[in-house]
Number of protein chains: 4
Amino acid sequence: MLKPPHDSEKKLAIEEAALELFTKQGFGSTTVPSIAEKARVGSGTIYRYFESKEELVNRIFQQWQERLYHALTDAYPEKGSTREKYDHIWGRLAAFQKNYPVAFDFLEMMYYTPHLDRESKSGRLRLLKFLNQLVHEGREEFRPLSSDALIAIVWGAFVGLVRASTTGRISLDDDLLNESREAIWKGIIHTR
Amino acid sequence: MLKPPHDSEKKLAIEEAALELFTKQGFGSTTVPSIAEKARVGSGTIYRYFESKEELVNRIFQQWQERLYHALTDAYPEKGSTREKYDHIWGRLAAFQKNYPVAFDFLEMMYYTPHLDRESKSGRLRLLKFLNQLVHEGREEFRPLSSDALIAIVWGAFVGLVRASTTGRISLDDDLLNESREAIWKGIIHTR
Amino acid sequence: MLKPPHDSEKKLAIEEAALELFTKQGFGSTTVPSIAEKARVGSGTIYRYFESKEELVNRIFQQWQERLYHALTDAYPEKGSTREKYDHIWGRLAAFQKNYPVAFDFLEMMYYTPHLDRESKSGRLRLLKFLNQLVHEGREEFRPLSSDALIAIVWGAFVGLVRASTTGRISLDDDLLNESREAIWKGIIHTR
Amino acid sequence: MLKPPHDSEKKLAIEEAALELFTKQGFGSTTVPSIAEKARVGSGTIYRYFESKEELVNRIFQQWQERLYHALTDAYPEKGSTREKYDHIWGRLAAFQKNYPVAFDFLEMMYYTPHLDRESKSGRLRLLKFLNQLVHEGREEFRPLSSDALIAIVWGAFVGLVRASTTGRISLDDDLLNESREAIWKGIIHTR
DNA sequence: TATGAATGAGAATTCATTCAT
DNA sequence: AATGAATGAATTCTCATTCAT
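Residues numbered from 1 in each chain as written. Chains lettered and ligands numbered in written order. Predicted model: local features only at pLDDT ≥ 70, side-chain atom pairs only at ≥ 80, totals over all residues.

1. Considerations on the overall build of chain A
Here comes step 1: Assigned secondary structure in chain A consists of nine helices and zero strands.
Here comes step 2: A principal-axis box enclosing the C-alpha atoms of chain A has dimensions of 65 × 40 × 35 Å.
Here comes step 3: Residues counted as buried form 36% of the 192 residues belonging to chain A.
Here comes step 4: In chain A, of all internal contacts separated by at least 6 residues, the share reaching a separation of at least 24 is 60%. (Helix = DSSP H or I, 4+ residues; strand = E, 2+ residues; numbered from the N terminus. Buried ≥ 20, exposed ≤ 12 C-beta atoms within 10 Å, placed from the backbone. Contact = placed C-beta atoms within 7 Å.)

Below, the structure is given as structure tokens:
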């Protein structure tokens, strides 16, 4: 065991600690030593993996933004109906949020922040582009709202539910998730 | 020195400058001198009106939370139909956001922050209580979702639209607002 | 006495403390807090007057380089003989070194450092240009050496004497200074 | 582990890298990792050969001071005339500077630094003692200046030429070196 | 022997807050 | 009341040194 790949264990610990603290306290109120302490590393160690606090937050954002993108796009039912696609996105979004609740909050909160660099922002835009495509293909079935507006409503409603669950007002169980999925679908489809 | 002033042009300037900076950069990344500069006052002046940066942010939050509460509850159609009540809330929310877009973003972003004190949080809860009441009274007409869930969906969808407008993806004009109001209503009402 | 011009007293104290420490220990080995302590100011105060440690060292260099320039050029005997010009320079140099021995050492040591910015270097070049002019005008009387070489010899010899005095090996009194002035003059003039 | 190595390619590489960096940037502005990188060794390796950064700089100083001493004293014309001795020193100094320009600058700059320990300083004093002896023996032929002053003038003038060459203002070729040697000799000898 | 990842004390710099004017 | 210069504790970041491999 001459050189256990305990290599980037520290990097992972730093990223996890930082994710939690940034999400809870915000970027500006989180100190580097507090990240180091939570990650159980020396504070100098953080600078062996990341050039600065800003780079750290951007790397984490990009990493999770990428994961979210793949969570939503993997096994995407390209040939399926619009409803099937909608269900796919909703289900994946719910699963992602359930598995990585902190990362989900982090992504939501950081995107509207001046701390992200161009590359981080572009990761987000890629996801929006994908969703736009989806909506555009089902255009006929939806209400006469722009793709961006439809996405904003669905995404916003989902985030609203997550926030209510975070503050303890609701419990995001499968029933609630399914019922909400139906409600929002009913909201966005065209009815004459 | 025995009685700090309670209202003045300077106090207002400080509150407005702080509102904008906190909203754009977050609490932790906003410096007191930068607030003073934007408000065109000496940084010491801020401490004549507020005990600390924390008190400042809480006063601003409480003030705007209160205004939002009144915006939604004033002239509330107590005797009207559920739909009339829904339209009232939606319309007032849209008007508030249109008149005070920065304050709206501020309230949304700050609420999920550890910088708020108990009193600030309770201001928010009062609003939620009011909305709960409304939903509860129309219970029959809504989908089988908890009041909190229904509120989360409507509020979240609205916030989603605001965010999309902030990032320039949509324009929050009356048509869009009306169409969205209908969409979300369709989403939350009970249909057999 | 409502507002004594004790204004830049602190700035002066900082500059003097920094001059001494930089000269004694070198730029890299001098810490900002040590400068603050010697100047009897808070360390944050230094940053109200100078953007960074680098700017501090450059401002001091430029200031003293300028003073040295004026010390050598003021009352310069434009119409005098070459020997009179030489005596003027020598005398002013000696006086400057006597009055500001630390600043003289500082200028000598810093010029060969990568910490100086372009403007600082150009201040030095201005002095060299002036000396070049002087030598060039007396060209006939000097040994067949380039102006720069002649300047290097005279300036270097003077610096050598200063260093020997700093380390206590000699005492730079008037007799020594005069005798040295003669010696070096004899060295650089043309003899057939 | 009981006996640190005393000579090796790595040690030489470290010493050479350190010599260059200390000379260019000064002691305090040179980091140990940067020395390691330039020497192409691990930074831990440096500590196998030297106890600390301070010891490193002192060892290098002593080593080169010793070499300079031998360069000037080897084949010294004990029985020669004063002028022959002067020419010997001048020629050896020029050769040393030509062969080891960085080491020469290093010795000049470090001697006036608080980073040298007693032993390093005494190495320098030994050289000065030797030069003093030389001057003392030729006392009659020199101007009425103390040995230390005469040494300071000659050494300083030479250093001045080196500095001018380092900054690109002159080219230290043989002609210039010879002419300068003559000039300075003329300067220091007694003339009635 | 050699390494370089890891460390934490210490450096440069920032900023919330104070206070003399 | 108002100011903003001054401060030093706190923050970001660096680096001499150690030590597990």
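2. Focus: helix 4 (residues 53-73) of chain B
Every α-helical turn comprises 3.6 residues, leaving residues that sit three or four positions apart pointing alike.
Residues and elements named next belong to chain B.
Here comes step 1: Compared with the 30 Å implied by 1.5 Å per residue over 21 residues, the 30 Å span of helix 4 between its first and last C-alpha is a close match.
Here comes step 2: Here helix 4 has its buried residues at Leu56, Val57, Asn58, Ile60, Phe61, Trp64, Gln65, Leu68 and Leu72.
Here comes step 3: Residues of helix 4 that are buried in the fold lie against helix 1 (9-25), helix 3 (43-49), helix 5 (82-99), helix 6 (101-110) and helix 7 (118-137). (Expected span 1.5 Å × (residues − 1).)

3. Some thoughts on the interface of chain C and chain D
Here comes step 1: Listed as interface residues are 36 residues of chain C and, on the opposing side, 36 residues of chain D.
Here comes step 2: Counting only elements with at least two residues in the side of chain C that touches chain D, the list comes to helix 1 (9-25), helix 8 (147-166) and helix 9 (174-188) of chain C.
Here comes step 3: Considering every element that reaches the side of chain C that touches chain D, the biggest residue donor is helix 8 of chain C, with twelve residues.
Here comes step 4: A breakdown of the residues in the side of chain C that touches chain D according to their chemical character gives 18 nonpolar, eleven polar and seven charged. (Nonpolar A, V, L, I, M, F, W, Y, C, P; charged D, E, K, R; others polar.)

4. Here's the deal with the relation of the copies chain A and chain B
Here comes step 1: Rotating chain A by 180 degrees and translating it 0.0 Å along the rotation axis places it on chain B, where the RMSD comes to 0.1 Å. Between the two chains, the operation in question is that of a two-fold axis. (Least-squares fit on C-alpha atoms with pLDDT ≥ 70 in both.)

5. So, the relation of the copies chain C and chain D
Here comes step 1: Superposing chain C onto chain D takes a rotation of 180 degrees combined with a translation of 0.0 Å along the rotation axis, leaving an RMSD of 0.1 Å.
Here comes step 2: Interface residue correspondence from chain C to chain D reaches 100%, placing this contact among same-surface, isologous pairings.

6. Here we look at the protein's contact with DNA strand E
Here comes step 1: The local shell around DNA strand E holds 37 residues, among which Gly42 and Gly44 of chain A, Gly44 of chain C together with Gly42 and Gly44 of chain D are the closest.
Here comes step 2: Counting only elements with at least two residues in the surface near DNA strand E, the list comes to helix 3 (43-49) of chain A, helix 2 (32-39) and helix 3 of chain B, helix 2 (32-39) and helix 3 (43-49) of chain C together with helix 3 (43-49) of chain D.
Here comes step 3: Split into classes, the residues belonging to the surface near DNA strand E amount to twelve nonpolar, 17 polar and eight charged. (Near = placed C-beta within 6 Å.)

7. Let's talk about the confidence of the model for chain A
Here comes step 1: For chain A, mean pLDDT is 94; residues scoring 70 or higher make up 96% of the total.
Here comes step 2: Long-range and interchain partners of residues 1-6 of chain A, a stretch whose pLDDT sits below 50, account for zero contacts in this model, where long-range means more than four residues apart. (pLDDT = per-residue confidence, 0-100.)

8. Thoughts on the domain arrangement of chain A
All names here are of chain A.
Here comes step 1: As assigned here, chain A comprises domain 1 (1-50) and domain 2 (54-188).
Here comes step 2: The gap between the C-alpha centroids of domain 1 and domain 2 is 27 Å.
Here comes step 3: Facing nine residues of domain 1, the contacting portion of domain 2 comprises twelve residues.
Here comes step 4: With six residues, helix 1 (residues 9-25) is the single largest residue contributor to the side of domain 1 that touches domain 2. (Domains from an automatic or database assignment.)

9. Side note on the interface of chain A and chain B
Here comes step 1: Counting residues at the interface gives 36 residues for chain A, matched by 36 residues for chain B.
Here comes step 2: Contributions of two or more residues to the side of chain A that touches chain B are made by helix 1, helix 8 (147-166) and helix 9 (174-188) of chain A.
Here comes step 3: Take the side of chain A that touches chain B: its biggest share by element is twelve residues, from helix 8 of chain A.
Here comes step 4: Across the side of chain A that touches chain B, the residue classes tally to 18 nonpolar, eleven polar and seven charged.

10. Brief notes about the arrangement of the chains
Here comes step 1: The closest approach of any C-alpha atom in chain A to one in chain C is 19 Å; the two make no contact.
Here comes step 2: Regarding chain A and chain D, which are not in contact, the minimum distance between any of their C-alpha atoms is 13 Å.

11. Details of helix 2 of chain C
Residues and elements named next belong to chain C.
Here comes step 1: Burial in helix 2 covers these residues: Ile35, Ala36 and Ala39. In a view along the axis of helix 2, the buried residues occupy a sector of 100 degrees, so they form one face of it.
Here comes step 2: Those residues of helix 2 hidden inside the fold are in contact with helix 1 and helix 3. (Arc of directions from axis to C-beta.)

12. Regarding the UniProt feature "DNA-binding region" (unreviewed entry) in chain A
Here comes step 1: Cross-referencing UniProt, the feature "DNA-binding region" (unreviewed entry) maps to residues 31-50 of chain A in the present numbering.
Here comes step 2: Helix makes up 75% of residues 31-50 of chain A and strand 0%. Its end C-alpha atoms lie 14 Å apart. (UniProt positions renumbered as here; feature names shortened; annotations may be inferred.)

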